[in-house]
Amino acid sequence: MTVGCNQRPDGYTINGELRGDVEEGTQVFLKKTGENGQPVELDTTTLVNGKFQFTGSSDLPDLHYIFVDKLPGYTAIILENGTINFNAQKDSLGFPKVDGTIQNDIFFSYLDKSKELSQQARSIQADMQKASGVPNGEATVAALNDEMLELQEEYKTFEIDFIKNNPNALISALLLERTISMNTLQVDEIQAMVDALSQDIKDSNAGKKVIELLEKKRKAEEAGKNTAVGAKAPEFSGPNPDGKIIALSDVMGKVTLIDFWAGWCRPCRAENPNIVAVYEKYHEKGLNVVGVSLDRTADAWKKAIADDGLVWNHISNIAYFDDEIAKMYNVQAIPAAFLLDENGVIVAKNLRGPQLEEKVAELLD
């Protein structure tokens, strides 16, 4: 394969060497993460004189894994066009030497620093365990705990700086994905780092996922603000069990409970008798309930309504957590409930059991 000075390689070659006594002909697997999060086989080769090779083409860099049949562990590599050199001991697949392409050089430089910090953390934890078993060791444990907190902050700073200094690296997108899921930074801070990523990284699978997750996080934060206590409850409408479209504004009472639930949700079903009791006691005084179901089927929804004796208004798009009303209210788990006053202002959230009746009584009695 001939590559000019200004050309990118048109394919990849992984040259692998495995040290140790491994049986000739042992299978080596190149895998990637599938839609269900499990490794999916992409290519297979065999070990000859302790060596193996994979060839192919990768339009954009992506995280892949090398597994060896009957050996523990695996190696994560960045698959990209170019020559990738892999060298590992058979009992240490998680600690290989991988180089030869830009993405892998950056990736493994990150891993080296990450392992160094992780080793420091393990050392502190070991010292804490020793100190906790010693008389009057509380002061030592407290000091070590402070040291651990400082190390955690150092690790966070290291990763943020790494992302900012390597906008052309796939590992930066992978780190941003974790940052979003762990809620360690504000949306605007993450957005600035995403915007700085190179176009190749934005176009990669990891980059696309980060952009999608960030957009969901932004919408969730906006929904959270819109449905905070003191905010006016967002208006919505949807089909009732008979297919008739009803709107929140049409069924408001002096006090209104919006109850997100589902027939499959055991905690929801366990709470239903309490809501029934509160509704029966306070409906004539002005309490209305609107059930918003996240059921998967209309039959299951209707059966649960009948079985639990839920005689109030019900709405469902039969869309599980993809329901637009649930997204509007940032509902990510059920049961979830919003209590509104006569002006449609949210006065309480997620009250259950006696707390629900106490608040309804306060508003109506």
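Before any of the text, the structure's been laid out above.
Below, the structure is looked at part by part. Each chain has its residues counted from 1, following the order in which its sequence is written. Confidence filtering applies because this is a predicted model: local features only for residues at pLDDT of at least 70, side-chain atom pairs given and counted only at 80 or more, and all residues used for totals across whole chains, interfaces and linings. Think of the side-chain values as coming from all heavy atoms in the structure, minus any hydrogens and water.

1. Side note on the overall build of the chain
And step 1. Scanning the chain from N- to C-terminus turns up ten helices and 15 strands.
And step 2. Over its C-alpha atoms the chain spans a radius of gyration of 28 Å, topping by over 25% the 21 Å that the globule rule assigns to 365 residues.
And step 3. Dimensions of the chain along its principal axes, counting C-alpha atoms only, are 85 × 60 × 40 Å.
And step 4. Contacts are assigned to residue pairs that have any heavy atoms within 4.5 Å of one another. For the chain, the proportion of contacts with a sequence separation of at least 24, taken over those separated by at least 6, is 62%.
And step 5. Only the protein chains shown count as cover for residues, and all accessible areas are computed by the Shrake-Rupley method using a 1.4 Å probe. Approximately 19,600 Å² of the chain is accessible, and the part contributed by carbon and sulfur atoms is 48%. Numbering of helices and strands starts at the N terminus; helices are DSSP runs of H or I of at least 4 residues and strands are runs of E of at least 2. Computation of the radius of gyration draws on C-alpha atoms alone. For the globule rule, the value is 2.2 Å times the number of residues to the power 0.38.

2. Details of empty space enclosed by the protein
And step 1. Here the term cavity refers to a set of points on a 1 Å grid, laid over the protein atoms alone, in which a 1.4 Å probe fits but cannot get out; the term pocket refers to an open set having protein on both sides within 12 Å along at least five of seven lines, with lining residues being those that place an atom within 4 Å of a point. Grid points are joined across faces, edges and corners, and a volume is the space filled by probe spheres set on the points. Tallied over the full model, the rule gives one cavity of 30 Å³ or more.
And step 2. Approximately 70 Å³ is the volume attributed to the largest cavity.
And step 3. Along the walls of the largest cavity sit Leu-257, Asp-259, Cys-268, Glu-271, Asn-272, Ile-275, Pro-335, Ala-336, Ala-337, Leu-351, Arg-352 and Leu-356, which together make up its complete lining.
And step 4. Breaking the lining of the largest cavity down by element, the ones donating at least two residues are strand S11 (255-261), helix H7 (266-282) and strand S14 (336-340).
And step 5. When residues in the lining of the largest cavity are grouped by element, the largest group, four residues, is from H7.
And step 6. Split into classes, the residues belonging to the lining of the largest cavity amount to eight nonpolar, one polar and three charged. Under this grouping Gly is polar, as are all residues other than the nonpolar Ala, Val, Leu, Ile, Met, Phe, Trp, Tyr, Cys and Pro and the charged Asp, Glu, Lys and Arg.

3. A look at the layout of surface pockets
One way to see where empty space is left: roll a probe the size of a water molecule over the atoms.
And step 1. Its volume calculated, the largest pocket comes out at about 660 Å³.
And step 2. If you trace the largest pocket, you find 19 residues lining it, with Lys-216, Lys-217, Ala-220, Asn-330 and Gln-332 closest to the centre.
And step 3. Of all the secondary-structure elements, those providing two or more residues to the lining of the largest pocket are helix H6 (205-226) and helix H9 (324-328).
And step 4. Along the lines of polarity and charge, the residues of the lining of the largest pocket split into eight nonpolar, three polar and eight charged.

4. Examining the packing of aromatic side chains
When we look at a pair of aromatic rings, we describe it by the centre distance and by the angle of the planes.
And step 1. Pairing of aromatic rings covers Phe, Tyr and the six-membered ring of Trp, with a centre-to-centre limit of 6.5 Å; geometry is then stacked below 30 degrees between planes, edge-to-face above 60, and tilted otherwise. Applying the stated rule across the entire model yields 17 aromatic pairs.
And step 2. For the pair Phe-236 and Tyr-329, a centre-to-centre distance of 5.7 Å together with 85° between the ring planes defines the contact as edge-to-face. Here Phe-236 is found in the loop between H6 and strand S9 (237-239), whereas its partner Tyr-329 is found in the loop between H9 and S14, with 93 residues between them in sequence. You'll find Phe-236 and Tyr-329 in the same group, each marked buried.
And step 3. Arranged with centres 5.6 Å apart and planes meeting at 50°, the rings of Phe-260 and Tyr-329 form a pair that is tilted. Of this pair, Phe-260 sits in strand S11 while Tyr-329 is found in the loop between H9 and S14, placing the two residues 69 residues apart along the sequence.
And step 4. Burial here depends on accessible area, computed with a 1.4 Å probe over protein chains only, as a share of the maximum for the residue type. Under 20% is buried, over 50% is exposed, and the range in between is partly exposed. Its relative accessible area of 0% is what places Phe-260 among the buried residues.
And step 5. You can call Tyr-329 buried: its relative accessible area is 1%.
And step 6. By way of ring pairs, the aromatic residues Tyr-110, Tyr-155, Phe-158 and Phe-162 are connected into one cluster.
And step 7. Sitting over the face of the ring of Tyr-320, Arg-296 holds its NZ or CZ atom 4.1 Å from the ring centroid. Comment: the charge-over-ring label is applied if NZ (Lys) or CZ (Arg) is within 6 Å of the ring centre and within 35 degrees of the ring normal.

Limitation: the analysis is restricted to geometry and does not speak to function.
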